[in-house]
Amino acid sequence: MIKMIALDLDETLLNTDKTISAANAEALRQLHTAGIKVVLCTGRPINAIWGYLEQLGLTTTDDYTITFNGALVIQNTTKEALAQSGLSHNDFKPLHAFAQEHGYPLDVLDFEQVYPLADLTPSVYQQMLKAPMTFTPTNFADLPDHLFSKAVMATDPATLDAAVAALTPAMHAQYHVVRSQPKILEFLAADMDKAVGLGQLLTHFGWDFSNLMAFGDAENDLGMIKAAGDGVAMLNGQPAVKAAANHITPKVNNEAGVAAYLQQTFPELLS
């Protein structure tokens, strides 16, 4: 029995213009009112998606969000962490050396702000994120000694293609590397993805992955798509995601594909 619906944002729940369609919002609000947990799963911090949470009515004491691609499970209204994990300053040394050697940019994120590395090639992450987060340019050696959620390489797609090709087996062993967008390559802890955060949240409610429906379109959604009792790929999703899914939405994200699938699956709850 599905008790929780997890949703990626970009090219899944959101239209290309970064808005939630009226159809998607209405379907999810109705299911939430009926008692099904609706959980947004994103690489962003919660303050960057607060407008979406309000639009969907996900502001009760039992509402949570998976942020930083699984590294932080946070209660929406109190902002208290249910679970948190990440990487140390030392963990990023091989990645910093790799970026320095090849001339790549890098932004390191903790759970509050972003540190564009000032001793590397300038990054476009701030322009791309367009979120209310503090960006503090910092040399790698001067990063604070605390836990970080991830690092991000943001640049043109061709440069990221070259970066992916240049990654060594040792780097793949040390980091979970995911291409979340054509211009964004993310470096997480080796065992971290959205499924980790969702597993912690399901356990909190006394459920397991058989109770989860998960929607996604991209490489960083594969973990939750594979783990979910019903893994749903967007019609506009990447081929590998569609191949791993149990089902595919009947419409693309810009045509309210999430709502179209939910209407097929929960006809008794959606009028």
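First, a word on scope: everything that follows refers to the structure included in this document. All residue numbers refer to positions counted from 1 along the written sequence of the respective chain. Residue-level local features of this predicted model are given only where pLDDT is at least 70; pairs of side-chain atoms are given and counted only at 80 or more, and the full residue set underlies all totals for whole chains, interfaces and linings. Excluding hydrogens and water, the side-chain values take into account all heavy atoms of the structure.

### Concerning the overall build of the protein
Point 1. Only DSSP runs of H or I reaching four residues or more are called helices, and only runs of E reaching two or more are called strands; each is numbered from the N terminus. If you tally the helices and strands in the protein, you get 11 helices and 14 strands.
Point 2. Taking 271 residues into account, the globule formula puts the C-alpha radius of gyration at 18 Å, and the protein, at 18 Å, falls close to it.
Point 3. Dimensions of the protein, computed from the C-alpha atoms along their principal axes, are close to 55 × 35 × 30 Å.
Point 4. For every residue, the accessible area obtained with a 1.4 Å probe (protein chains only) is divided by the maximum for its type, and the residue is called buried under 20%, exposed over 50%, and partly exposed between those limits. Per-residue burial for the protein yields a buried fraction of 55% across its 271 residues.
Point 5. Here, two residues are considered to be in contact whenever any of their heavy atoms come within 4.5 Å of each other. Sequence separation of 24 or more characterises 58% of the internal contacts of the protein that already satisfy a separation of 6 or more.
Point 6. All accessible areas in this document rest on Shrake-Rupley with a 1.4 Å probe, and a residue is counted as covered only by the protein chains that are shown. Accessible surface computed for the protein: about 11,000 Å², of which carbon and sulfur atoms make up 52%.
Point 7. With 15 positive and 29 negative side-chain charges, the protein shows a separation of 5 Å between the mean positions of the two kinds. Only C-alpha atoms enter the radius of gyration, while the globule expectation follows 2.2 Å times N to the 0.38, with N the number of residues. Asp and Glu are treated as the negative residues and Lys and Arg as the positive ones, with His and the ends of the chain left uncounted. All charge positions are set by atom: Lys at NZ, Arg at CZ, Asp at CG, Glu at CD.

### A word on the packing of aromatic side chains
For any pair of aromatic rings, geometry is given as the distance between the ring centres together with the angle between the planes.
Point 1. Here a pair means two rings of Phe, Tyr or Trp (six-membered ring of Trp) with centres within 6.5 Å. Their orientation is stacked below 30 degrees between planes, edge-to-face above 60, and tilted elsewhere. Using the criterion set out here, one finds 9 aromatic pairs in the structure.
Point 2. Here tyrosine 64 and phenylalanine 205 contribute two aromatic rings whose centre-to-centre distance is 6.0 Å and whose plane-to-plane angle is 80°, an arrangement assigned as edge-to-face. Here the residue tyrosine 64 occupies a position in strand 3 (residues 64-67), and phenylalanine 205 occupies one in the loop between helix 8 (194-204) and strand 12 (212-216), the gap between them amounting to 141 residues. Of the two residues, tyrosine 64 and phenylalanine 205, both sit in the buried class.
Point 3. Between phenylalanine 92 and phenylalanine 148 the ring centres are 6.0 Å apart and the planes differ by 75°, which places this aromatic pair in the edge-to-face class. Residue phenylalanine 92 is located in the loop between strand 5 (81-84) and helix 4 (93-102), and its partner phenylalanine 148 is located in the loop between strand 8 (134-135) and strand 9 (150-154); the two are separated by 56 residues in the primary sequence. The burial state of phenylalanine 92 is the same as that of phenylalanine 148; both residues are buried.

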